[in-house]
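Each chain, letter by letter, is given below.
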Amino acid sequence: MSGEKQAEEAIVPSFNDTMDHEEKDEEEGDHSIFSVKSFLWHGGSVYDAWFSCASNQVAQVLLTLPYSFSQMGMLSGIILQIFYGVLGSWTAYLISVLYIEYRSRKEKENVSFKNHVIQWFEVLDGLLGPYWKAIGLAFNCTFLLFGSVIQLIACASNIYYINDKLDKRTWTYIFGACCATTVFIPSFHNYRIWSFLGLGMTTYTAWYLTIAALVLGQVEGVTHQGPTKLVLYFTGATNILYTFGGHAVTVEIMHAMWKPQKFKYIYLLATLYVFTLTLPSAAAVYWAFGDQLLDHSNAFSLFPRSGWRDAAVILMLIHQFITFGFACTPLYFVWEKVVGMHDTESICFRALSRLPVVIPIWFLAIIFPFFGPINSAVGSLLVSFTVYIIPAMAHMLTYKSASARKNAAEKPPFFLPSWTAIYAVNAAIVIWVFVVGFGLGGWASMTNFIKQVDTFGLFAKCYQCPTSTSKHH
C-alpha cells in the first residue's frame, strides 16, 4: 500500500539535501526506480517540471495564434509574443521565489507538507494575509475554470474537422464525459508520461502547420491588411498575453518537484522552446492565408483534409485532454480541501469527491463555444491579474521591509542584483498589464466576445461551421 500511497500523494521533502536522498530511498522502497510504474507515473525531477511547463503552455492556443496575427499584423504578433514570453517567465520566477519564501518560513515553524499540496492562494495567505488569499483564490480558480472550459471547446472544434456528422455542441457533450476521467489522476507527480507525450504532440502539430502552410503556398488573392481596427488589435494582443499565462499551476508543479529550489529558470527555458513552436507556425499560416483567418479562429479549418492534418487533429485532441487535467487538478485540490477529502488515501473516494468540479466546466463550454474570442476575454480579465499583476504586487509587498529583504530565502537574481531594479520592473509590469492588458484588452476582447454572442447566440450548435451547417444556429 505504501507504493500506491506514494503515487497518489504529493510527497515533497523539505529543503535539506538529506531529505532528497530519503525521498529517493522511499521511491525505491517497493519497486525499482527503473520499474515501468516509477518511470511512467511518478515524476518530480527538473526535467518533469520543464515538460510540465512547456506542455501546459501551448495547447489549443497554438491554433489561435494565426488568428491573432491576422488581427494585429505579422510584426506586432512576433514582437508581442517575445515580449509577453519574457514577461511571463519573469512573473513565473517571482511566483517561485514567493513559494520558496513561504515554504522556508513554514518549515522553520516545523510545519510538514508531506500529505498536503501547497497552492498559490496559500502562499499569498502565509505571506500577505487573508485578503490576498481571497483575491488569489478568486482569480486563480476562475482562470483555471475557464482554462478548462477552453480545452473542452477546443476538443469539439478540432474533432469536427475529422467527423462533421455530429455538430460541435454534441462533441462537447462527448468530450466533457471523456475529460471527466482526469479526476482519477492524483497530482502533478503523475503527469510525467503525459507531459512528455503532450509536448511531442504540440511539436508535431506546430511543425505540421508550418510546413503545410509553406508547401501549400499563399492562397489566391491573399491580403495582409492587419491591423485595421483597434478592437481587433487588442483582442489579438490579449490572446498572446493568454498564451504565456500558463503558470496558474506553477506552485503545484513546483510542489511536485523533489527539489523545488531548482525551478527558478525552468519556465524561461520552457518558453524558449515554445517560441520554436509558436513563432514559425503562426507566421507561416498567416503568410499563407492572410485575412481569411479573421473568420477562422481555428487554423485547422483552412487546411485541406489529409492524413497529416488528421494526425495533427488527433494528437491535439489527446493533448487538450492532458491540458484539461493540468488546468483542473488545482481546482480538484481546492475542492478536496473544502469538502475535507484532501488527505484521503483512497484514489476512488478522491475521484468521486472531485466530480462536481467538472459539471460547471461542461455547462459553460456548451453556453460559450466561441473558440478564439474566449481566449482573449479570459486573457484580459483573468490572466492579466492572476499571472502578471498579482505576483508582481505580492513580491513588492512581501519584501517591502529591510528585514524581509535581508532575511529573504532567495536573493535577487544575478542578472538583476538590485532590489530597487526589481521593484522598478515589477511596478512597470503592473502598470503596463493593467492599462494595456486589462484596460484596452478587456474593452477589445469583451466587444469582440459580445459580437460573437450577438452573431451566433448562446448555446450555439456549431460555431464557425461551414455555411450549410450554420443555418442551424
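An account of the accompanying structure is given in this report. (Residues numbered from 1 in each chain as written. Predicted model: local features only at pLDDT ≥ 70, side-chain atom pairs only at ≥ 80, totals over all residues. Heavy atoms only, no water.)

1. Here we look at the packing of helix α6 (residues 74-108) against helix α7 (residues 120-128)
Move 1: Between α6 and α7, the least distance of the axes is 9 Å, while the angle of their chain directions is 60°. By the angle between their directions, the pair α6 and α7 is classed as oblique. Of the two elements, α6 crosses α7, and the hand of that crossing is left-handed. Here α6 contributes Ile95, Leu98, Tyr99, Glu101, Tyr102 and Arg105 to the contact with α7, which in turn contributes Trp120, Glu122, Val123, Gly126 and Leu127.
Move 2: Tallied by class, the residues present in the contact of α6 with α7 amount to seven nonpolar, one polar and three charged. (Axes fitted to C-alpha atoms, helices over the stretch in contact; angles between N-to-C directions. Helix = DSSP H or I, 4+ residues; strand = E, 2+ residues; numbered from the N terminus. Parallel < 35°, antiparallel > 145°, perpendicular 65-115°, else oblique. Left-handed = near helix turned anticlockwise from the far one by under 90°. Contact = heavy atoms within 4.5 Å. Nonpolar A, V, L, I, M, F, W, Y, C, P; charged D, E, K, R; others polar.)

2. Remarks on the packing of α7 against helix α16 (residues 373-398)
Relative placement of two packed helices is described by the angle separating their axes and the distance separating the axes.
Move 1: One way to put it is that α7 packs onto α16 with a least axis distance of 11 Å and a crossing angle of 25°. As judged from the angle between their axes, α7 and α16 are roughly parallel. Regarding α7 and α16, the two cross each other, and that crossing is left-handed. Where α7 abuts α16, its residues Trp120, Leu124, Leu127 and Leu128 lie against Thr386, Ile390, Pro391, Ala394, Leu397 and Thr398.

3. Considering the packing of aromatic side chains
Move 1: Counted under the stated rule, the structure contains 24 aromatic pairs.
Move 2: Between tryptophan 50 and phenylalanine 51, the ring centres sit 5.1 Å apart and the planes meet at 80°, which makes this aromatic pair edge-to-face.
Move 3: Judged by relative accessible area, which is 22%, phenylalanine 51 ranks as partly exposed.
Move 4: Members of the aromatic cluster, joined through ring pairs, are Trp90, Tyr93, Tyr265, Phe414 and Phe415. (Phe/Tyr/Trp six-rings, centres within 6.5 Å; stacked < 30°, edge-to-face > 60°. Buried < 20%, exposed > 50% of the residue type's maximum accessible area, 1.4 Å probe, protein only.)

In short, the description is geometric, and any link to function would need to be established separately.
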